[in-house]
Amino acid sequence: MAKIRAAITGVQGHVPEYVLTNERLEKIVDTNDEWIVSRTGIKERRILKGEEKGTSHMAEQAILGLLEKTNTKAEEIDLIIVATVTPDFVFPATANVVADMVGAKNAFGYDISAACSGFLYALTTGSQFIETGKHKKVVVVGADKMSSIVNYEDRTTCILFGDGAAAVMLEPTEDEIGVIDSVLKSDGAGQPYLHQKAGGSRRPASAETVAKNEHTLYQEGSTVFKFAVTNMADVSAEIMKRNNLTGDDVAWLVPHQANKRIIDATARRMEVDASKVMLNIQKYGNTTAATIPLCLWDYESQLKKGDNLVLAAFGAGFTWGATYIKWAYDPK
Ligand SMILES: CC(C)(COP(=O)(O)OP(=O)(O)OC[C@H]1O[C@@H](n2cnc3c(N)ncnc32)[C@H](O)[C@@H]1OP(=O)(O)O)[C@@H](O)C(=O)NCCC(=O)NCCS
């Protein structure tokens, strides 16, 4: 019997309307467009406005668009996995909230917390549900409302992040396409360099933690940068070696969009030409779990059936990984 693989049969993104440009940030903190663009590649990012709108809102919009695009009824979905570090609530899971919002009455769901590598962790586990033969339609979402945990008084972090969501549909195939291989890694020793200090069980929210802004994202940027450059390139090289891929065989590198300089270093190590590197950091910034599926969405019209894609990410945890997929459909 042929092996069942998980094919991505559709992708849909959602970004909020409000655009926070570098010029606007210049009015909020001591920074400038030239510094931000030369150090990160970011020009602008999207911010979700509106009372009571959380990550689930963006995930809902992405899934509704995906259902329409793939001609799928919400009741047909077996499983929804949401990768996020900005869930609507500590509990219940955002996946449960979103399933209800889109009417996925027959689905079960859960969240994955792996920061910027969340989409790769979720894509890999989602694929494995398909590969067992038991599940036929799995929706994997990367969604983050980073503006809810960014400190807009900290110029070293507030320039980096934005809000967004994107979802893919996974379905079974017996062809040599779909999710072929993944290498996923983590090292909790990286925790001190990128985390949220308070609001969890170790240091619950209090008047003091709020006064100190400890419910917002803390990062030691240059340390994270060094680990990101090395580990994202290492894991990308590893997945290429395991699958006998050269830079020429790779149609697209789909890198997590944290910093253009990290992306360039990864592409150089893989010997993949810059013209084959997906890039949208200039317009969305770092949307954490959403960056990779948002790239797939932006570049969907250029992807052809059989294209070799290497997806690579690095994030808080530390977590990192690379996934090799063969794209499953031609532009529609
Ligand atoms: C955050 C980051 C862009 C900073 O770039 P960097 O080249 O490391 O810059 P540094 O932190 O060394 O700061 C250099 C100088 O710029 C200043 N600076 C920092 N942020 C600034 C800003 N927004 N505007 C202007 N100047 C800024 C610093 O204060 C420092 O000044 P000093 O030399 O007088 O002390 C970079 O470290 C980075 O991208 N890190 C990884 C981020 C990441 O990937 N995070 C998510 C993980 S997925």
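Since the structure is predicted, the reported quantities are computational estimates derived from the model, not experimental observations. (Residues numbered from 1 in each chain as written. Predicted model: local features only at pLDDT ≥ 70, side-chain atom pairs only at ≥ 80, totals over all residues. Heavy atoms only, no water.)

A. Inspection of the packing of helix 3 (residues 55-69) against helix 4 (residues 94-102) at higher detail. Where helix 3 contacts helix 4, the axes come no closer than 9 Å and their chain directions differ by 50 degrees. Taken together, the axis directions place helix 3 and helix 4 in an arrangement best described as oblique. At the point where helix 3 passes helix 4, the crossing takes the right-handed sense. Residues Ser-56, His-57, Ala-59, Glu-60, Ile-63 and Leu-64 of helix 3 pack against Thr-94, Val-97, Val-98, Met-101 and Val-102 of helix 4. By residue class, the composition of the contact of helix 3 with helix 4 is seven nonpolar, three polar and one charged. (Axes fitted to C-alpha atoms, helices over the stretch in contact; angles between N-to-C directions. Helix = DSSP H or I, 4+ residues; strand = E, 2+ residues; numbered from the N terminus. Parallel < 35°, antiparallel > 145°, perpendicular 65-115°, else oblique. Left-handed = near helix turned anticlockwise from the far one by under 90°. Contact = heavy atoms within 4.5 Å. Nonpolar A, V, L, I, M, F, W, Y, C, P; charged D, E, K, R; others polar.)

B. Main features of the packing of aromatic side chains. Per the counting criterion, the structure on display carries nine aromatic pairs. Between Phe-314 and Trp-320, the ring centres sit 6.1 Å apart and the planes meet at 40 degrees, which makes this aromatic pair tilted. Judged by its relative accessible area of 12%, Trp-320 falls in the buried class. Both rings, one in Trp-327 and one in Tyr-329, keep their centres 5.0 Å apart while their planes meet at 45 degrees; by these two values the pair is tilted. Summarising the burial analysis for this pair, Trp-327 and Tyr-329 share the class buried. One aromatic cluster is present, built from ring pairs that chain together Tyr-193, Phe-227, Phe-314, Phe-318 and Trp-320. The ring centre of Tyr-18 lies 4.4 Å from the NZ or CZ of Lys-49, which sits over that ring. In this arrangement the basic side chain of Lys-197 is found over the ring face of Tyr-218, its NZ or CZ atom lying 3.9 Å from the centre. (Phe/Tyr/Trp six-rings, centres within 6.5 Å; stacked < 30°, edge-to-face > 60°. Buried < 20%, exposed > 50% of the residue type's maximum accessible area, 1.4 Å probe, protein only. Lys NZ or Arg CZ within 6 Å of the ring centre and 35° of its normal.)

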